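# Geometric and topological summary
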Amino acid sequence: MKIDKQLLTVNKYSRPGTKRSKTTKVAWHYVGNAGSSAQANRNYFNNLANTKKTYASSHYIIGLNGEIIYCVPEGEIAYTTNDANSYSIGIEMCHPDNSGKFNTNTYNSAVELGVDLCKRYKLNPLKDFIRHYDVTKKICPKYWVDKPSEWEKFKKDVYNKLNESTGSSSSSFKNGDYTGKKAKVITNVLNVRHDRGTQYNVIDKLNKGEIVKLNYCLNGWISIEGYKGNKGLGYVSTEYLEIIL
């Protein structure tokens, strides 16, 4: 993956220089200007200081040929996703026509960039990727709002690519989708947590022999179904589960 670093000049309309303290989401957008290039969109952002018409920018822009331009440092705010600017990295994607559908070059580069960001910020694309639409209800990225199944496919494509590069941390569980499968608890007491990792709160305790319905596995932690108030999921270590064939 080749990234062309062309940082915007510091100005209040597209690169205010405001520091961000955390990255917990990656926000995806479409440029809304069919057929335009990554370079043209980058130049548009940079020229806002002269036109003074609006506030807009993104950290990255992915072009029609798969090129990636790095516009705003990841550690700074970009004017891309409104209320999510303080905790998200924003990515604009070019598209050939008004449907907003991304071509193969753009899509593949988005997957690669998504994997890279997930690795560096320890994110899970299934829950840490958001659309502009998810924050403000703006129809952006249009194709992924019009066709939510394609949005889910993109997240899973990144998830699967990420798993290929990180491998599995459990001999019996590999990173991936276990929806529809079940497992048995093989330890006396198993903590169910709010998210993946021992740093998260315990929301339930399971006893040896209990059967759980599985969801997604990532790096030794798997989500299990049946918990209200947490998108229906709890999280347990795969070390203490045995898949029921």
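Here goes a summary of the coordinates provided.

The rules behind these values
Residues numbered from 1 in each chain as written. Predicted model: local features only at pLDDT ≥ 70, side-chain atom pairs only at ≥ 80, totals over all residues. Heavy atoms only, no water. Helix = DSSP H or I, 4+ residues; strand = E, 2+ residues; numbered from the N terminus. Buried < 20%, exposed > 50% of the residue type's maximum accessible area, 1.4 Å probe, protein only. Contact = heavy atoms within 4.5 Å. Areas by Shrake-Rupley, 256 points an atom, 1.4 Å probe, with all protein chains shown as cover. Lys, Arg positive; Asp, Glu negative; His and termini not counted. Charge placed at Lys NZ, Arg CZ, Asp CG, Glu CD. Core = buried A, V, L, I, M, F, W, Y, C linked by side-chain atoms within 4.5 Å. Phe/Tyr/Trp six-rings, centres within 6.5 Å; stacked < 30°, edge-to-face > 60°. Lys NZ or Arg CZ within 6 Å of the ring centre and 35° of its normal. Expected span 1.5 Å × (residues − 1). Polar contact = N/O pair within 3.5 Å; in protein donor to acceptor, adjacent residues only side chain to side chain. Pairing = 2+ DSSP bridges. Axes fitted to C-alpha atoms, helices over the stretch in contact; angles between N-to-C directions. Salt bridge = Lys/Arg side-chain N within 4 Å of Asp/Glu carboxyl O.

Moving on to the overall build of the chain. Per the secondary structure count, the chain includes six helices and 14 strands. Along the three orthogonal principal directions, the C-alpha set of the chain runs to about 65 × 35 × 30 Å. Within the chain, buried positions represent 49% of all 245 residues. Once local pairs closer than 6 in sequence are excluded, the contacts in the chain between residues at least 24 apart make up 67%. For the chain, the exposed area adds up to about 12100 Å²; of that, 46% sits on carbon and sulfur atoms. A gap of 3 Å separates the mean positions of the 36 positive and 23 negative side-chain charges of the chain.

What tends to happen in soluble globular proteins is that the nonpolar side chains get buried as a cluster. Trp28, Ile62, Ile91, Met93, Phe129, Trp144 and Phe154 are the most contacted members of the largest nonpolar core, which has 31 residues in total. Elements that contribute at least two residues to this core include exactly strand S2 (25-30), strand S3 (60-62), strand S4 (68-70), strand S5 (88-93), helix H2 (104-121), helix H5 (142-146), helix H6 (148-166) and strand S11 (211-218). Of the residues forming this core, the biggest block, seven residues, is contributed by H2. Judged by nonpolar contacts, the second largest core, of 15 residues, contains Phe173, Tyr178, Leu206 and Cys217.

What the rule picks out here adds up to 14 aromatic pairs. Between the aromatic rings of Tyr159 and Tyr216, the centroid separation amounts to 5.7 Å while the plane-to-plane angle is 75°, which identifies the pairing as edge-to-face. On the criterion of sequence distance, the pair formed by Tyr159 in helix H6 and Tyr216 in strand S11 is long-range, its members being 57 residues apart. Put simply, the rings of Trp28, Phe102, Tyr107, Phe129, Trp144, Trp151 and Phe154 pair up and form one aromatic cluster. Sitting over the ring of Tyr133, Lys137 keeps its end group 4.7 Å from the ring centre.

With that out of the way, let us pick up H2. Over its 18 residues, H2 runs 26 Å from end to end, which matches the ideal 26 Å to within 8%, given 1.5 Å per residue. Within H2 the residues assigned to the buried category are Thr106, Tyr107, Ser109, Ala110, Val111, Leu113, Gly114, Val115, Leu117 and Cys118. Capping of H2 at its N-terminal end is provided by Asn103; its side-chain oxygen lies 3.1 Å from the backbone amide nitrogen of Asn105. One or two steps after H2, the chain reaches Lys122, where phi turns positive at roughly 55°.

Another aspect to go through is the sheet that holds S3. The strand order S1-S4-S3-S5-S2-S6 describes an open sheet built from six strands, whose pairing is mixed. Pairing within the sheet leaves two strands with one partner each, and these edge strands are strand S1 (3-5) and strand S6 (129-131). The average angle at which neighbouring strand axes cross in this sheet is 25°, direction not considered. Relative to S4, S3 is paired through three bridges, and the arrangement is antiparallel.

This paragraph deals with the side chain of Ser237. Looking at where Ser237 falls in the secondary structure, it is placed in strand S13 (residues 232-237). Those residues in contact with Ser237, other than ones at most four positions away along the chain, are Gly220 and Trp221.

With that out of the way, let us pick up the pattern of salt bridges. It is possible for side chains bearing opposite charge to pair when their charged atoms get close. Tallied over the entire structure, the rule returns 13 salt bridges. Residue Lys142 is joined to Asp146 by a salt bridge in which the shortest nitrogen-to-oxygen separation is 2.8 Å. On the criterion of helical spacing, the pair formed by Lys142 and Asp146 is a turn pair, its members being four residues apart in helix H5. For Asp146, a relative accessible area of 46% puts it in the partly exposed group. In this structure, Asp157 and Lys153 form a salt bridge, with 2.8 Å as the shortest nitrogen-oxygen distance. Placement of the pair is Asp157 and Lys153 together in helix H6, with a separation of four residues, close to one helical turn. Exposure remark for Asp157: the relative accessible area of 24% places this residue in the partly exposed category. A residue is classified by how much of its surface remains accessible, and Lys153, at 40% relative accessible area, is partly exposed. Overlapping salt bridges, with partners in common, bring together Lys25, Lys127, Asp128 and Asp195 in one network.

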